[in-house]
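Tertiary structure, described
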Amino acid sequence: MLEPTNDKAGHVEAIHWPSLVAAIASVSAVGIAIGLGLPLLSIILEKRGVSSSLIGLNTAMMGVASMLAAVITTKLAHRFGVVQTMIWAVVLSALSSLGFYYAENLLLWFPLRLVFHGATTTLFILSEFWINAASPPSKRGFVLGLYSTVFSLGFAAGPLLFSAVGSEGLMPFVIGACIILAAAIPIFIARNESPLVDEKPELHFVRYIFLVPTATAAVFVFGAVTVGGGSLFTSYATRLGFNESQAALLLTVMGVGNFVFQIPLGLLADRMRDKRPLLSIMATIGLVGALLLPSLASNWVILAIILLFWGGCVSGMYTVGLSHLGTRLTGVDLVAANAAFVFCYAVGMVLGPPTIGTAMDFVNPSGFAWAVAFFFGLYVLLSGIRLLFMGNRG
């Protein structure tokens, strides 16, 4: 393997572009396939007459699969190597994506979801580890902002592709599988630049969740708000009195904020030795934005402007949190912590939708805003306590 030049702390001293291109291209290809697969699978189940609750239960396997994969990915990378583990994850993702077409029995879709999303989660964990390992501290925020931007484009391209190919026949599944398999090409090309995981983690997996809590808590909030808020925002907006097209456009505005702000936030993070204040500021903006939602419900334009910045700050918590993780750790500890990072995202993804949905049932429709504010408020409290009393730890 080609060893990059490292500084005394174990960080690389210059950007390794072949590694970055391989990791970003592979995970972005998977993002396109997931963006295609989510609406495709839901539509097919609906056409088969499956109830919405069962569709939701099947989709929830995403979070379960992500948590399981997060626990075992570091061990797999240590035993088989980063590249070999990623290649096998690509193959399993592609095969399971085709399996959905041939599986007529709904019960088979549950293990297929576990395999598909477990394999793609493994790709995310190792790609993000690879990106972090190949980025010097002075440029890590920029690189991760670039990664988030490219992935956002890929994920957004998935639904556009779905609108073009539709849900009939084998073709959309073949296209999705081919896109996933294409992810193996850049990985194979840069195989000699992949980082080594030649030691076992010193700590138990759960310890890594609390090793850099400012980062793992940030991604928990990100998962809860983006998945829970994203899935229920259209319902919230229509209950406020907006029509479906206005509600969808507001959701699009949040997506634009996600896309536009990642590189600037990454560059800003690069200028900060301690990234925790930036994470706290973004969470505070998220909290204030959530609290303002009910009072701005009657003005679509002002609401859209707030959602533009709000969407950027919410997604920025992932980018800056991941950068903070890479600043604190290297080597096998970074792989394990990256797995814990994704695990916390999955926990947020599982807890966010029912929490926000239940709040909307109790307080209609403002429960949406209060529940989202609750998640941000927890983070502001945690990060504030750690900044005041815990010094440089985590």
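- Labelled according to an unreviewed UniProt entry, the protein chain appears under the name MFS transporter, originating from Rhizobium lusitanum.
- Checking UniProt for the protein chain, the heading Subcellular location (unreviewed entry) contains the comment "Cell membrane".

A word on the confidence of the model for the protein chain
- Averaged over all residues, the pLDDT of the protein chain equals 84, while 94% of them reach at least 70.
- Model confidence for the protein chain, summarised as mean pLDDT per element, is weakest for helix 2 (residues 52-59) at 74 and strongest for helix 4 (residues 82-102) at 94.

Considerations on the environment of Ala-23
- Structurally, the position occupied by Ala-23 is in helix 1 (residues 17-47).
- Assessed through its relative accessible area of 0%, Ala-23 is described here as buried.
- A C-alpha to C-alpha distance of 27 Å links Ala-23 and Met-171, two positions 148 residues apart in sequence.
- Leaving out residues up to four positions away in the same chain, Ala-23 has contacts with Ser-127, Trp-130 and Ile-131.

Some details on the pattern of salt bridges
- What the rule picks out here adds up to 2 salt bridges.
- As a salt-bridge pair, Glu-168 and Lys-47 come within 2.7 Å of each other at their nearest N and O atoms. Of the two residues, Glu-168 sits in the loop between helix 6 (140-165) and helix 7 (171-182) while Lys-47 sits in helix 1, which places them 121 residues apart along the sequence.
- The residue Asp-274 makes a salt bridge to Arg-276 at a minimum N-O spacing of 2.9 Å.

Remarks on empty space enclosed by the protein
- Counted under the stated rule, the structure contains 1 cavity of 30 Å³ or more.
- Taken as a whole, the largest cavity encloses approximately 150 Å³ of empty space.
- Taken together, 17 residues form the lining of the largest cavity, with Ala-33, Gly-37, Leu-41, Ser-97 and Phe-116 sitting closest to its centre.
- Those elements giving two or more residues to the lining of the largest cavity turn out to be helix 1, helix 4, helix 5 (106-133) and helix 7.
- The element best represented in the lining of the largest cavity is helix 1, accounting for 7 residues.
- Residue composition of the lining of the largest cavity, by class: 12 nonpolar, 4 polar and 1 charged.

Rules used throughout
- Residues numbered from 1 in each chain as written.
- Predicted model: local features only at pLDDT ≥ 70, side-chain atom pairs only at ≥ 80, totals over all residues.
- Heavy atoms only, no water.
- UniProt positions renumbered as here; feature names shortened; annotations may be inferred.
- pLDDT = per-residue confidence, 0-100.
- Helix = DSSP H or I, 4+ residues; strand = E, 2+ residues; numbered from the N terminus.
- Buried < 20%, exposed > 50% of the residue type's maximum accessible area, 1.4 Å probe, protein only.
- Contact = heavy atoms within 4.5 Å.
- Salt bridge = Lys/Arg side-chain N within 4 Å of Asp/Glu carboxyl O.
- 1 Å grid on protein atoms, 1.4 Å probe; cavity = no way out; pocket = protein on both sides within 12 Å on 5 of 7 lines; lining within 4 Å.
- Points joined across faces, edges and corners; volume = space filled by probe spheres on them.
- Nonpolar A, V, L, I, M, F, W, Y, C, P; charged D, E, K, R; others polar.

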